[in-house]
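If you want the building blocks of each chain, they are given just below.
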Amino acid sequence: MPDTPAVVATPRSRVRVPLRFHDGYEADAEVVTFHGLADGQEHVAVILGEPGPVPLVRLHSECLTGDVFGSARCDCGPQLREAVERIAERGGVLLYLRQEGRGIGLYNKLDAYALQDEGLDTYEANAALGLPEDARDYTAASQMLRALGIGELELLSNNPDKADQLRSLGIDVRDRVPTGVFTTAHNVRYLRAKVLQTQHTLPLAALAELNAG
């Protein structure tokens with residue numbers, strides 16, 4: 001097993017935050033900040049419900065356009081909303097990670113959108129900008145989990161790379177639990193590319209049919 005992160009992160013603060021979504025759903029959360037994260041970013045852990053010995057955990061990458069403005073070009077906003085409710089029911093943690101655009105940043109993500117409008121898929125657009133397909137590193141996420149006393153979990157994600165990285169960092173991912181499928185007329189090509197390029201667990205046949213329509 002690879003070495004775990006040498007720097008140990010510790011909780012910095014804890015604060016109760018009542019959450020309310022546009023559809024009226026509400027949840028009470030405890031938001032935790034940290035000292036000593038490897039990448040120096042201001043990631044937060046959102047603790048929901050009563051986490052058990054093997055909590056449900058989601059690693060959610062920040063998406064300003066989807067999470068805040070409700071962009072239909074991705075499925076990030078609906079995934080965030082779903083994750084909060086499912087984790088609150090089961091008990092667990094949502095790690096909100098400051099990794100906009102799969103780690104390339106907001107401006108680059110918007111530049112990639114412009115290239116997608118010209119026919120490239122999301123991964124081809126990143127490559128055309130000289131950027132990696134996915135620049136995310138989950139070392140800080142593993143530090144946050146350890147700081148919260150979580151060494152084993154079930155991961156709410158369609159992305160096998162998240163589970164693989166956590167396992168390589170010494171976190172015991174017992175199972176990967178798929179999220180819902182949130183399609184719009186504007187994101188079907190994006191979702192299909194995630195299946196073909198990075199083996200996300202989404203129904204390819206249904207996405208192909210929607211894309212053809």
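Source: prediction; values computed, not measured.

A. Layout of the packing of aromatic side chains. The full count for this structure, using the stated rule, is one aromatic pair. An angle of 40° between the planes, with centres 6.3 Å apart, marks the rings of Phe-21 and Tyr-25 as tilted. Taken as a pair, Phe-21 and Tyr-25 share a single burial class, namely buried. Of note, Arg-73 hangs over the ring of Tyr-113, and the distance from its end group to the ring centre comes to 4.3 Å. Seen from the ring of Phe-21, Arg-81 lies directly overhead, with NZ or CZ sitting 5.7 Å from the centre.

B. How the structure looks around the sheet that holds strand β7 (residues 172–177). With mixed pairing, the seven strands of this open sheet are ordered in space as β1-β2-β3-β5-β4-β6-β7. Strands at the two margins of the open sheet, each flanked by one partner only, are β1 (10–20) and β7. Averaged over all neighbouring strand pairs, the angle between strand axes comes to 30°, with direction disregarded. Pairing between strand β6 (residues 152–156) and β7: five bridges, direction parallel. Its bridge partner being in β7, Leu-155 is matched across the sheet by Arg-176. Sheet strands touched by helix α6 (residues 139–147): β1, β2 (26–35), β3 (44–48), β4 (56–61), β5 (92–97) and β6. Its angle to β5, the strand with the most contacts, is close to 145°.

C. Just the nonpolar core, in detail. With 25 residues, the main nonpolar core has Leu-59 and Leu-95 as its most contacted residues. Of all the elements in the fold, those that place two or more residues in this core are β2, β3, β4, β5, α6, β6 and α7 (160–168). With five residues, the top contributor of residues to this core is α6. Listed in part, the 16 residues of the second largest apolar core include Val-31, Leu-80, Tyr-96 and Leu-156.

Conventions adopted
Residues numbered from 1 in each chain as written. Predicted model: local features only at pLDDT ≥ 70, side-chain atom pairs only at ≥ 80, totals over all residues. Heavy atoms only, no water. Phe/Tyr/Trp six-rings, centres within 6.5 Å; stacked < 30°, edge-to-face > 60°. Buried < 20%, exposed > 50% of the residue type's maximum accessible area, 1.4 Å probe, protein only. Lys NZ or Arg CZ within 6 Å of the ring centre and 35° of its normal. Pairing = 2+ DSSP bridges. Helix = DSSP H or I, 4+ residues; strand = E, 2+ residues; numbered from the N terminus. Axes fitted to C-alpha atoms, helices over the stretch in contact; angles between N-to-C directions. Contact = heavy atoms within 4.5 Å. Core = buried A, V, L, I, M, F, W, Y, C linked by side-chain atoms within 4.5 Å.

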